[in-house]
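Observations on the three-dimensional arrangement
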Amino acid sequence: MASLGELERSVMEVLWNSHADVTANELRDALVLRPDSSGRAVATTTVLTVLSRLERKGFVTRSRDQRPHRYRALLSREEHTAELMHEVLDRSSDRDAALARFVGTVSDREAATLRRLLDELAHH
């Protein structure tokens, strides 16, 4: 899975938080309004370039049956995160050691979630 640049991540955050497909102009406006944004306007052409890159990488799809085109994320934020975790594990020469190190750093709440999920997996 390709990694995301800063503007790509910002666009994906808007798409993940959106409850409907969005246009490039709506994305541009949302990027300026984000609390962590610099407040600087991003050109629509820049947003379209980023969307095109994200589409090639398999992160977004667009509806071509109307103008302007509408965009949406192909994977949820959680699916993307899981893919990143698998990617990192795949690069490790010792997956067991990497998993052990990770599990050793989780909070009590996260450990309880992991136990519950593993139990559910074992019973299916």
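Residues numbered from 1 in each chain as written. Predicted model: local features only at pLDDT ≥ 70, side-chain atom pairs only at ≥ 80, totals over all residues. Heavy atoms only, no water.

**Focus: the overall build of the protein**
Scanning the protein for helices and strands turns up six helices and two strands. In terms of C-alpha radius of gyration, the protein reaches 18 Å, well past the compact-globule figure of 14 Å for 124 residues. When its C-alpha atoms are laid out on the principal axes, the protein stretches across 50 × 35 × 30 Å. Counting only carbon and sulfur atoms, one obtains 52% of the accessible surface of the protein, whose full area is about 8,800 Å². (Helix = DSSP H or I, 4+ residues; strand = E, 2+ residues; numbered from the N terminus. Rg over C-alpha atoms; globule rule 2.2 N^0.38 Å. Areas by Shrake-Rupley, 256 points an atom, 1.4 Å probe, with all protein chains shown as cover.)

**A look at the pattern of salt bridges**
For the structure shown, the criterion picks out ten salt bridges. For Glu-8, the salt bridge goes to Lys-57, with nearest N and O atoms at 3.0 Å. Of this pair, Glu-8 sits in helix H1 (residues 6-17) while Lys-57 sits in helix H3 (residues 44-57); the two residues are 49 residues apart in sequence, bridging distant segments of the chain. A relative accessible area of 32% means that Lys-57 is categorised as partly exposed. The partner of Asp-90 in a salt bridge is Arg-95, with the nearest N and O atoms 2.6 Å apart. When salt bridges that share partners are traced, they join Glu-8, Arg-53 and Lys-57 into one network. (Salt bridge = Lys/Arg side-chain N within 4 Å of Asp/Glu carboxyl O. Buried < 20%, exposed > 50% of the residue type's maximum accessible area, 1.4 Å probe, protein only.)

**Examining the packing of helix H4 (residues 77-91) against helix H5 (residues 95-103)**
In the contact formed by H4 and H5, the axes pass within 8 Å of each other and the chain directions differ by 130°. Viewed along their axes, H4 and H5 adopt a mutual orientation that is oblique. Viewed along their axes, H4 and H5 form a crossing whose handedness is right-handed. From H4, Met-85, His-86, Leu-89 and Asp-90 reach across to H5, where they touch Arg-95, Ala-98, Leu-99 and Phe-102. (Axes fitted to C-alpha atoms, helices over the stretch in contact; angles between N-to-C directions. Parallel < 35°, antiparallel > 145°, perpendicular 65-115°, else oblique. Left-handed = near helix turned anticlockwise from the far one by under 90°. Contact = heavy atoms within 4.5 Å.)

**A few points about the environment of Leu-54**
Mapping Leu-54 onto the fold places it in helix H3. For the pair formed by Leu-54 and Glu-8, sequence separation is 46 residues and the distance between their alpha carbons is 7.2 Å. Those residues within four positions of Leu-54 in sequence are excluded, and the remaining contacts are Leu-4, Glu-8, Val-11, Met-12, Phe-59 and Val-60.

**Quick look at H3**
Count 3.6 residues to each turn of an α-helix, and residues three or four apart come out pointing the same way. When the terminal C-alpha atoms of H3 are compared, their 20 Å separation across 14 residues agrees well with the 20 Å that a helix rising 1.5 Å per residue should span. Every buried residue of H3 is listed here: Val-47, Val-50, Leu-51 and Leu-54. The arc enclosing the buried residues of H3, seen along the axis, measures out at 100°, which places them on a common side. Counted as exposed and oriented over 90 degrees from the buried face of H3: Thr-45 and Arg-56. Immediately downstream of H3, the backbone of Gly-58 shows phi near 85°, a positive value. (Expected span 1.5 Å × (residues − 1). Arc of directions from axis to C-beta.)

Geometric descriptors of this kind do not, in isolation, establish any biological role.
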